[in-house]
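Residue-level listing of the chains:
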Amino acid sequence: MNVRVRVRMAKGKLREYEGRLKQLEGRLTALRGRAEQSTGRVRLRLVRAERRVRTAIDASVERMEIAIKALQSRLETTLRETRALSRGVRAGIRTGAKTFRRRGRR
């Protein structure tokens with residue numbers, strides 16, 4: 001798998017996590033509104049549900065951060081390798097040009 005495909009996949013996962021995070025935050029807002037209006041057992045249940053949603057949000061954020069770190073390290077590695085390759089190609093071009101000029105003068 002080449003780097004572009006991996007980057008596209010990682011970006012897709014990040015978008016997916018961001019969408020899920022927005023959904024969970026929306027649900028959390030709705031739960032808060034209901035919890036403020038209710039009393040007794042219903043309120044306790046809604047508070048617990050809010051806690052579960054908050055836990056899910058935190059887990060999603062953690063997964064996003066892990067994905068970002070993994071993507072960042074892969075990109076840094078790829079950039080280092082690309083720079084080394086480009087230096088090698090440039091050196092090869094210079095060497096080839098010098099050799100060509102030397103042979104052309106004879």
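Residues numbered from 1 in each chain as written. Predicted model: local features only at pLDDT ≥ 70, side-chain atom pairs only at ≥ 80, totals over all residues. Heavy atoms only, no water.

Digging into the overall build of the chain
Step number 1: Counting secondary structure elements, the chain contains 2 helices and 0 strands.
Step number 2: Here the C-alpha atoms of the chain give a radius of gyration of 27 Å, more than 25% beyond the 13 Å that 2.2 N^0.38 yields for 106 residues.
Step number 3: Over its C-alpha atoms, taken along the principal directions, the chain stretches across nearly 100 × 20 × 15 Å.
Step number 4: Once local pairs closer than 6 in sequence are excluded, the contacts in the chain between residues at least 24 apart make up 66%.
Step number 5: When the accessible surface of the chain is summed, it comes to about 9100 Å², and 52% of that surface belongs to carbon and sulfur atoms. (Helix = DSSP H or I, 4+ residues; strand = E, 2+ residues; numbered from the N terminus. Rg over C-alpha atoms; globule rule 2.2 N^0.38 Å. Contact = heavy atoms within 4.5 Å. Areas by Shrake-Rupley, 256 points an atom, 1.4 Å probe, with all protein chains shown as cover.)

Details of the nonpolar core
Step number 1: By size, the foremost hydrophobic cluster in this structure holds 15 residues, and its most contacted members are Leu-31, Val-53, Ile-57, Met-64 and Leu-71.
Step number 2: For this core, the secondary-structure elements that each account for two or more residues are α1 (3–37) and α2 (40–105).
Step number 3: Ranked by residue count, the leading element in this core is α1, at 9 residues. (Core = buried A, V, L, I, M, F, W, Y, C linked by side-chain atoms within 4.5 Å. Buried < 20%, exposed > 50% of the residue type's maximum accessible area, 1.4 Å probe, protein only.)

With respect to a nonpolar patch on the surface
Step number 1: A cluster of nonpolar side chains, contributed by Leu-85, Val-89 and Ile-93, occupies part of the molecular surface with about 310 Å² of accessible area.
Step number 2: Note that Ile-93 resides in helix α2. (Patch = residues over 30% accessible without salt bridge, like charges linked within 9 Å, V, L, I, M, F, W, Y side chains within 5 Å. Salt bridge = Lys/Arg side-chain N within 4 Å of Asp/Glu carboxyl O.)

Thoughts on a positive patch on the surface
Step number 1: Taken together, Arg-80, Arg-83, Arg-87, Arg-90, Arg-94, Lys-98, Arg-101, Arg-102 and Arg-103 make up a surface patch of like positive charges.
Step number 2: Relative to the assigned elements, Arg-94 resides in helix α2.
Step number 3: Taking relative accessible area as the criterion, Arg-94 reaches 51% and is therefore assigned exposed. (Lys, Arg positive; Asp, Glu negative; His and termini not counted. Charge placed at Lys NZ, Arg CZ, Asp CG, Glu CD.)

A short note on the environment of Leu-71
Step number 1: Inspection of the secondary structure assignment puts Leu-71 in helix α2.
Step number 2: Residue Leu-71 is classed as buried on the basis of its relative accessible area, which comes to 14%.
Step number 3: Distance from Leu-71 to Gly-88, taken between C-alpha atoms, is 26 Å for residues 17 residues apart in sequence.
Step number 4: Beyond its immediate sequence surroundings of up to four residues, Leu-71 is in contact with Val-7, Ala-10 and Leu-14.

Re the side chain of Ser-60
Step number 1: Here Ser-60 is to be found in helix α2.
Step number 2: Beyond its immediate stretch of four places on either side in the chain, Ser-60 contacts Arg-20, Leu-21 and Leu-24.

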